[in-house]
Amino acid sequence: MFSEDVGLIPKTSFTGMLRTYSTPEMREFLPDALSGLWHTMDTGGFSPDLKARLRRFNGKLFHDATALPLTPDQMALLLKAAEADWTEVEPAIFGTLLERALDPRERHSLGAHYTPRRYVERLVLPTVLEPLRREWTAAQAASARRLDEGQPREARQELVRFLTRLTGLRILDPACGSGNFLYVTLEHLKRLEGEVLAAINAFGHTGLLDLGGGTTVSPRQLLGLELNPRAAAIADVVLRIGYLQWHLRTHGITQLSEPLLDEYQNIRQQDAALRHDPPTPRLDAHGQPVTRWDGTTRLHPATGQPVPDETARTPVLDYPNPRPAEWPEADFIVGNPPFVGPARMRDALGDGYTEALRKAYKGKVPDSADLVMYWWYNAAAAVQRGPAERFGFITTNSLKQTFNRRVMQPFLEGDPAPLTLTFAIPDHPWVDAAEGAAVRIAMTVAERTLTVAAPGQLWILKTESVAEGDEAAEVTFEEQKGLILSDLSIGAALDSANALKSNDGLSNRGVQLYGAGFILTKEEAAAFQNAHTDSVIRPYLNGRDLAGNSRGALVIDFFGLNEGEALEKHPSVFQHILERVKPERDLSKEPRVKANWWLHGRTRDDLRAALAGLQRYIATIETSKHRFFQFIDGQVLPDNRLVVVALDDAYYLGVLMSRFHTVWAAATGGRMGVGNDLIYNKTRCFDPFPFPAATPAQQARIRELAEQLDAHRKRQQTQHPGLTLTDLYTVVEKLRAAQPLSAKDQTVNQQGLASVVLSLHQQLDAAVAEAYGWPPALPDADILTRLVRLNHERAAEEAAGTVRYLRPAYQAPDTVQTSIALAEQAAKPAKGKSAGSPSLPERGTGGEAPFPTELAQQMQTLRDALQQAGQPLTAAQVAARFKRLKADKVEPLLATLAALSLIRLTPEGYAA
């Protein structure tokens, strides 16, 4: 259809052929006719059906083409499509068609999601085009310098040298899907090539190139890896159509030589994460095939509730000799790897594959990392060792969570770090949570660390809205520049803050049931409750209960009892979970969880020990729109979605509720999910957090305010059962920002007395600021820097033997702490750590860098040095940054750059 509309075959010839074979008596012959046509297009020659001599297409596309029989409806749709004009078809639409054609289960197992063009460009430009355009600008500056020296031949050669670079580089998408990233990259490279040819032609020489001989930007440079064979085939077609469209617009059909399609074979159908020997069925100790539940359910005969159908099984395969996949060498790597979280990798990929993948990357990618991090690791390693120069990926915004940062940190930390993030968007809306992945995304671009490092670009989401009828959100950003850290921030080096002994053993997540059958309604519990069951049926609280008014759920808790004791002491309760929990537990992949089916899957023994004897404790919701803490009655068993702090002193509640801790928690815990909710990770948010060294009077004031705030919220929720803390804090934040309130907000404001809540928080913030000895109105960045510095001071104290235990009677019962002598001077940060980000001028200064030998690279290096300096420099100061470089060598180059307006000449010197 595309071929006839652009004139590669006679106009309307294919459409006419379809009409001929669309009749009932002719339709059965259409597959034979199509097979004959495709064979003729492959080899060239006369086509009886088109009544024309056809050019030779070749290019593998038609080598083994097989036509399928069509139903009348399919025939009608095909004819309707052929009657449309395909001349200017947008090749990227094939990605949408592919995703919608995939079975939902297949789509999720592949992690396949179409990426809109604007999102593609948002990553392709900083990954591939911006560094190339900097090189092009440097080549133009070098050419201008040669002209000033009276060397026109050498001036032209500077441009030709860049053209050779442009037409020889390779771009790899190791999860290319239907080829959108590669197609958009090709389009931008062709535009840049056009500018280069125009500049070369300005010297009076022809810019015509051998379009089939590898001297022009073409699909041969775009490499792709794709597991799905249909997607790989579509990617190949997308690149061919995109390239032909450009060629026909630019040169017309006359300069298109045969074969019309080159057989590049640059799109490989392969697994981009794992290599292995042929899969084999897993056998048990008796030599029988091992199977697993395939997800099918049945109704339990006693309860009538859905339970796993143990007869619905699928074989488990092993993948022998697993090892990381091999990628073709490329200069740039860019793409959107699959989105599969660690919790559902086994369901999506299978037990055997997941185990093989984790074995192949042991010590490189933690088992708790998302699937996308295997791509991130491979790309980072390829850039570190070369020849790859830079890579850019779309990932979920959980990239900055602790379990994923562990993959990034070896590449981004050190002195110097192997790689540097040059561009990042920590949080960005995804396409369509209803039809695609219910996530938010991040974008990262990294390159080998340069001796003269330019500041990275960090784009912080400012606004977002979804245009009607458009899958892609309209977004705006605020740009920050500086050293981008592994948590995708600029500022305090939060990852340098380590867990403190003072906080040890006090925080953990609640119990994880591994079976909804443990949960009872009040009515169900009443049927069991007597003097003997009170000890094993407890109040139960999850995240929704904490945010709103509790639903009053209870939970069966056989902790401390073996199976026989549970049956003997509580037979009716035992039968309840026998029917409702054991069928699910029998299919568990964890032997301990399966064997101890009457107990919760994660009993949290350490947390239970910490809570023993407390009348109340502090809790927060792990994943929440707003970060708030409150006291929970000590009899309540917390759910896994709650993070518990085993402290009953309202002083600590007050500090945790203050701005100083919530700013810290937001930065260290990050965000996740389609709602961009805050995550409270106790190992990063609580364990390293340094509490203030408050005086008794300061503690009393904070304690008083915290008790007032906790009591106020609970009182208002009791009076208004529909009031949730999420809604209340949404209004509080609007009041804080002086934003107008909607009708719903006005109701929440009256029910929760949100202005009172805001006032109490403001008083609490001031009291905690006083306890730290800091100004109350510090910017967030300053708060983080001070807290990191204080963490380092406390760590140094602890290393010297002084620990400020938060709950010494529990944490260190044998240790008597009298008083803590504060050092007159702040302790120095731990070796190898710093309280904040190193300023960019500290990196690569001091005359250590070698100066490039090629003129274009010299021009680019000088621009980068001025940009990195952040202030005007004289020629002598610039020269001093490089080994054995004199100012008289630098001065004319800087003058040329200034003449081209690529840098500025100021009274103080040259500036970027």
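For the structure itself, consult the block above.
Now for a quick tour of the structure.

What counts, and where the lines are drawn
- Residues numbered from 1 in each chain as written.
- Predicted model: local features only at pLDDT ≥ 70, side-chain atom pairs only at ≥ 80, totals over all residues.
- Heavy atoms only, no water.
- Helix = DSSP H or I, 4+ residues; strand = E, 2+ residues; numbered from the N terminus.
- Buried < 20%, exposed > 50% of the residue type's maximum accessible area, 1.4 Å probe, protein only.
- Contact = heavy atoms within 4.5 Å.
- Axes fitted to C-alpha atoms, helices over the stretch in contact; angles between N-to-C directions.
- Parallel < 35°, antiparallel > 145°, perpendicular 65-115°, else oblique.
- Nonpolar A, V, L, I, M, F, W, Y, C, P; charged D, E, K, R; others polar.
- 1 Å grid on protein atoms, 1.4 Å probe; cavity = no way out; pocket = protein on both sides within 12 Å on 5 of 7 lines; lining within 4 Å.
- Points joined across faces, edges and corners; volume = space filled by probe spheres on them.
- Expected span 1.5 Å × (residues − 1).
- Salt bridge = Lys/Arg side-chain N within 4 Å of Asp/Glu carboxyl O.
- Pairing = 2+ DSSP bridges.
- Core = buried A, V, L, I, M, F, W, Y, C linked by side-chain atoms within 4.5 Å.
- Phe/Tyr/Trp six-rings, centres within 6.5 Å; stacked < 30°, edge-to-face > 60°.
- Left-handed = near helix turned anticlockwise from the far one by under 90°.
- Polar contact = N/O pair within 3.5 Å; in protein donor to acceptor, adjacent residues only side chain to side chain.

Examining the overall build of the chain
Check the secondary structure of the chain and you find 33 helices and 32 strands. Scored against the burial criterion, the 912 residues of the chain give a buried share of 52%. Pairs at least 24 residues apart make up 73% of the contacts formed inside the chain by residues separated by at least 6 positions.

A closer look at the packing of helix α23 (residues 659-669) against helix α29 (residues 780-799)
At a closest axis distance of 10 Å, the pairing of α23 and α29 adopts a crossing angle of 90°. It follows from the interaxial angle that α23 and α29 lie roughly perpendicular. Within the contact between the two elements, α23 uses Arg-659, Phe-660, Val-663, Trp-664 and Ala-667 and α29 uses Asp-780, Ile-783, Leu-784, Leu-787 and Val-788. Looking at the contact of α23 with α29 residue by residue, the classes come out as 8 nonpolar, no polar and 2 charged.

Points about empty space enclosed by the protein
A complete count under the given rule lists 1 cavity of 30 Å³ or more for this structure. When its volume is computed, the largest cavity comes out at roughly 30 Å³. In this structure, the largest cavity is lined by Val-511, Thr-603, Arg-604, Leu-607, Arg-608, Leu-611, Leu-637 and Pro-638. When contributions to the lining of the largest cavity are tallied by element, the ones reaching two or more residues are α21 (605-611) and β27 (637-638). Broken down by element, the residue count for the lining of the largest cavity peaks at 3 residues, all from α21. Class assignment for the residues of the lining of the largest cavity results in 5 nonpolar, 1 polar and 2 charged.

Let's talk about helix α4 (residues 72-83)
A rise of 1.5 Å per residue sets the reference length of α4, with its 12 residues, at 16 Å; its end C-alpha atoms lie 17 Å apart and thus fit the reference within 8%. Looking at the buried residues of α4, the elements they touch are α1 (2-6), α2 (13-20) and α3 (30-43).

So, the pattern of salt bridges
Evaluated as defined, the whole model comprises 45 salt bridges. Here Asp-236 and Arg-240 are joined by a salt bridge, their closest N and O atoms 2.9 Å apart. In this pair, Asp-236 and Arg-240 both sit in helix α10 (residues 229-251), 4 residues apart, roughly one turn of the helix. Taken as a pair, Asp-236 and Arg-240 share a single burial class, namely buried. Residue Lys-744 pairs with Asp-727 through a salt bridge whose shortest N-O separation is 3.8 Å. Of this pair, Lys-744 sits in helix α27 (residues 743-752) while Asp-727 sits in helix α26 (residues 725-736), placing them 17 residues apart in sequence. You can call Lys-744 exposed: its relative accessible area is 53%. Asp-727 gets classed as partly exposed once you look at its relative accessible area, which sits at 24%. One salt-bridge network, in which partners are shared between bridges, spans Arg-145, Arg-146, Glu-149, Glu-158 and Arg-161.

Comments concerning the sheet that holds strand β19 (residues 473-482)
The sheet built from 9 strands is open, its strands ordered β5-β4-β3-β14-β15-β17-β16-β18-β19 with mixed pairing. In this open sheet, the two edge strands, each paired with only one partner strand, are β5 (267-269) and β19. Taking each pair of neighbouring strands and ignoring which way they run, the sheet shows an average axis angle of 15°. The pairing of strand β4 (residues 222-226) with β5 spans 3 bridges and is parallel. When the sheet's bridge partners are listed, Glu-226 is paired in β5 with Gln-269.

Regarding unusual backbone geometry
Looking along the chain, the bond that leaves Gly-386 and enters Pro-387 is cis, with omega of 5°. When you line up the elements, Pro-387 lands in the loop between α13 (372-385) and β15 (390-396). Non-glycine residue Leu-753 carries a positive phi angle of around 50°. Within the secondary structure, Leu-753 is located in the loop between α27 and α28 (754-772). A relative accessible area of 34% means that Leu-753 is categorised as partly exposed. In the Ramachandran plot, Ser-901 falls in the positive-phi region, its phi being about 60° despite a non-glycine side chain. Exposure remark for Ser-901: the relative accessible area of 64% places this residue in the exposed category.

Remarks on the sheet that holds strand β23 (residues 554-556)
Taken together, the 4 strands give an open sheet; going across it, the order is β21-β23-β22-β27, and neighbouring strands pair in mixed fashion. Looking at the sheet topology across the chains shown, the edges are occupied by β21 (519-520) and β27. The pairing of strand β22 (residues 537-541) with β27 spans 2 bridges and is parallel. Opposite Tyr-540, over in β27, you have Leu-637 as the bridge partner.

Digging into the nonpolar core
In terms of nonpolar packing, the biggest core is built from 74 residues, with Leu-166, Ile-171, Leu-189 and Leu-894 touching the most fellow members. A total of 12 residues in this core trace back to one element, the largest contributor, which is helix α7 (residues 117-148). Setting aside its immediate chain neighbours within four residues, Leu-166 contacts Leu-132, Leu-189, Leu-192, Glu-193, Val-196, Val-217 and Gln-221. Counting 73 residues, the second largest nonpolar core, distinct from the first, contains Val-643, Leu-647, Val-655 and Leu-778.

Quick look at the packing of aromatic side chains
A complete count under the given rule lists 23 aromatic pairs for this structure. Considering the side-chain rings of Phe-628 and Tyr-729, the 5.5 Å spacing of their centres and the 15° angle between planes classify their relative orientation as stacked. Residue Phe-628 is found in the loop between β25 (623-624) and β26 (629-633), and its partner Tyr-729 is found in helix α26; the two are separated by 101 residues along the sequence. With a relative accessible area of 3%, Phe-628 lands in the buried category. Considering the side-chain rings of Phe-660 and Trp-774, the 6.0 Å spacing of their centres and the 50° angle between planes classify their relative orientation as tilted. Highlighted residues: Phe-660 in helix α23 and Trp-774 in the loop between α28 and α29, separated in sequence by 114 residues. Across the pair, exposure class does not vary: Phe-660 and Trp-774 are buried alike.

With respect to the packing of α2 against α3
Helix-helix packing is described using two parameters, namely the angle between the two axes and the distance between the axes. Where α2 contacts α3, the axes come no closer than 10 Å and their chain directions differ by 160°. Relative to α3, α2 is oriented roughly antiparallel. Note on packing geometry: the crossing formed by α2 with α3 is right-handed. Residues Phe-14, Met-17 and Leu-18 of α2 form the contact with α3, whose participating residues are Leu-30, Ala-33, Leu-34 and Leu-37. Residues of the contact of α2 with α3, tallied by class, amount to 7 nonpolar, no polar and no charged.

A short note on the environment of Ala-81
Examined against the element boundaries, Ala-81 turns out to sit in helix α4. Judged by relative accessible area, Ala-81 falls into the partly exposed class, the value being 26%. Separated by 66 residues in the primary sequence, Ala-81 and Thr-15 place their C-alpha atoms 9.2 Å from one another.

Some details on the environment of Leu-599
Along the chain, Leu-599 falls in the loop between α20 (591-595) and α21. Separated by 22 residues in sequence, Leu-599 and Ile-577 have C-alpha atoms that sit 9.7 Å apart. Those residues within four positions of Leu-599 in sequence are excluded, and the remaining contacts are Leu-513, Phe-518, Phe-558, Phe-559, Leu-561 and Arg-585.

Digging into the side chain of Asn-681
Within the secondary structure, Asn-681 is located in the loop between β30 (677-679) and α24 (682-685). Judged by relative accessible area, Asn-681 falls into the buried class, the value being 18%. Within the local environment of Asn-681, its side chain forms a polar contact with the side chain of Thr-683, the two groups lying 2.5 Å apart. Setting aside chain neighbours within four positions, we find Asn-681 in contact with Thr-402 and Phe-686.

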